[in-house]
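Coordinates in review
So you can see what is in the structure, the chains are spelled out below.
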Amino acid sequence: MTTAFAIILLGFFLGMRHATDPDHVVAVTTIVSRERTLLHAAVIGALWGLGHTLTILAVGSAIILFKLTIPPRIGLGMELCVGLMLILLGVLNLTGVLRRGVEWLTIRRLGPGAHSHFILGRRAVHTHDEGGEPILMEPFSILGWTPQWWKKLGVFHILRPLVVGIVHGLAGSAAVALLVLTTITQPSWAIGYLLIFGLGTVAGMMLITAAIALPFAYSMQHFVRLNRGLAMASGLVSVAFGLFLCYQIGFVDGLFTGHASWTPR
């Protein structure tokens, strides 16, 4: 029991520490830079952690159960996806192209009279009833019931951190699985450790996103120009860090050359 408790505790806290990796922090900073509330930011962090955990469990379990060996080029390719994702996040944050595309599709779906502007700090697409009151578009429900946080965040703001977390999980899954294999010999315990590690990552990312969102949320309510500057800065940092990772992986580690060298980390 003592050993099991130690493994659970170690996995949870290592997961929380894993959430503080620079590429993770840059990604979630770009995502939450336009969030108004700490609660929404924490939910986004949890969704990122959930996506990350799903990939860690899927890839890590395959490595543990089937003794898979990931070739260097595939490993570097998975890490390259993280760099490309950071560049994409930064560009989308700077340009707002994807958000405007989602708005356009939503307005077309609602029909004549639909438009968008800020309601309660978030840009929302809606129409008006005969009395002039806004009628927001109803999000699709989950098993006949839609949670309040789902309504307030919207599908786009829910799927984005989930997908980004899944991509980031690709880069870290091999290292985590290999670390587990060196310390835990039983496959069931090893997979259980991956799950605990993932829960720690979710908890750590919730705390990090809430802390990161604090200056963004405050400036959005009191200093609009400063908030726009912070959001632009987060997008630029994301693009710059993504380009650095791509260069590091492609040329220093050799993905784009004839001498690929990859150490899971």
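Residues numbered from 1 in each chain as written. Predicted model: local features only at pLDDT ≥ 70, side-chain atom pairs only at ≥ 80, totals over all residues. Heavy atoms only, no water.

**Things to note about helix α3 (residues 38-66)**
- Taking 1.5 Å as the rise per residue, α3 with 29 residues should run 42 Å; its terminal C-alpha atoms sit 41 Å apart, in good agreement.
- With its phi angle positive at about 50°, K67 sits one or two positions after the end of α3. (Helix = DSSP H or I, 4+ residues; strand = E, 2+ residues; numbered from the N terminus. Expected span 1.5 Å × (residues − 1).)

**Regarding the packing of aromatic side chains**
- Under the counting rule described, the total for this entry stands at 5 aromatic pairs.
- Here F251 and F256 contribute two aromatic rings whose centre-to-centre distance is 5.6 Å and whose plane-to-plane angle is 75°, an arrangement assigned as edge-to-face.
- When its relative accessible area of 48% is taken as the criterion, F251 is described as partly exposed.
- Classification of F256 as partly exposed rests on a relative accessible area of 46%.
- Three or more aromatic residues joined by ring pairs make a cluster, and in this case those are Y247, F251 and F256. (Phe/Tyr/Trp six-rings, centres within 6.5 Å; stacked < 30°, edge-to-face > 60°. Buried < 20%, exposed > 50% of the residue type's maximum accessible area, 1.4 Å probe, protein only.)

**Looking at the confidence of the model for the protein**
- Looking at the protein as a whole, the pLDDT averages 80, with 77% of positions reaching at least 70.
- The least confident element of the protein is strand β3 (residues 134-136), whose mean pLDDT is 54; the most confident is helix α4 (residues 72-95), at 92. (pLDDT = per-residue confidence, 0-100.)

**Re the packing of α4 against helix α9 (residues 224-252)**
- Contact geometry of α4 with α9 gives a least axis separation of 7 Å together with a crossing angle of 155°. By the criterion of interaxial angle, the relationship of α4 to α9 is roughly antiparallel. As for the relative orientation of α4 and α9, their crossing is left-handed in sense.
- A class-by-class count of the residues in the contact of α4 with α9 yields 18 nonpolar, 7 polar and 1 charged. (Axes fitted to C-alpha atoms, helices over the stretch in contact; angles between N-to-C directions. Parallel < 35°, antiparallel > 145°, perpendicular 65-115°, else oblique. Left-handed = near helix turned anticlockwise from the far one by under 90°. Nonpolar A, V, L, I, M, F, W, Y, C, P; charged D, E, K, R; others polar.)

**Here we look at a nonpolar patch on the surface**
- On the surface, a cluster of nonpolar side chains totalling about 430 Å² of accessible area is made up of Y247, F251, V252 and F256.
- Note that F251 resides in helix α9. (Patch = residues over 30% accessible without salt bridge, like charges linked within 9 Å, V, L, I, M, F, W, Y side chains within 5 Å. Areas by Shrake-Rupley, 256 points an atom, 1.4 Å probe, with all protein chains shown as cover. Salt bridge = Lys/Arg side-chain N within 4 Å of Asp/Glu carboxyl O.)

**Things to note about the environment of V237**
- Along the polypeptide, V237 turns up in helix α9.
- Assessed through its relative accessible area of 46%, V237 is described here as partly exposed.
- For the pair V237 and L86, spaced 151 residues apart in sequence, the C-alpha separation works out to 9.1 Å.

**With respect to the pattern of salt bridges**
- Inspection of the entire model under this criterion finds 1 salt bridge.
- With its nearest N and O atoms 2.6 Å apart, the salt bridge here joins R17 to D21.
- Taking the relative accessible area as the measure of exposure, D21 reaches 18% and is therefore buried.

**Here we look at the state of the cysteines**
- Summed over the entire model, instances satisfying the criterion amount to 0 disulfides.
- We note that C81 lacks a disulfide partner, and the nearest cysteine sulfur, in C246, lies 9.4 Å from it.
- Given a relative accessible area of 32%, C81 falls into the partly exposed group. (Disulfide = S-S within 2.5 Å.)

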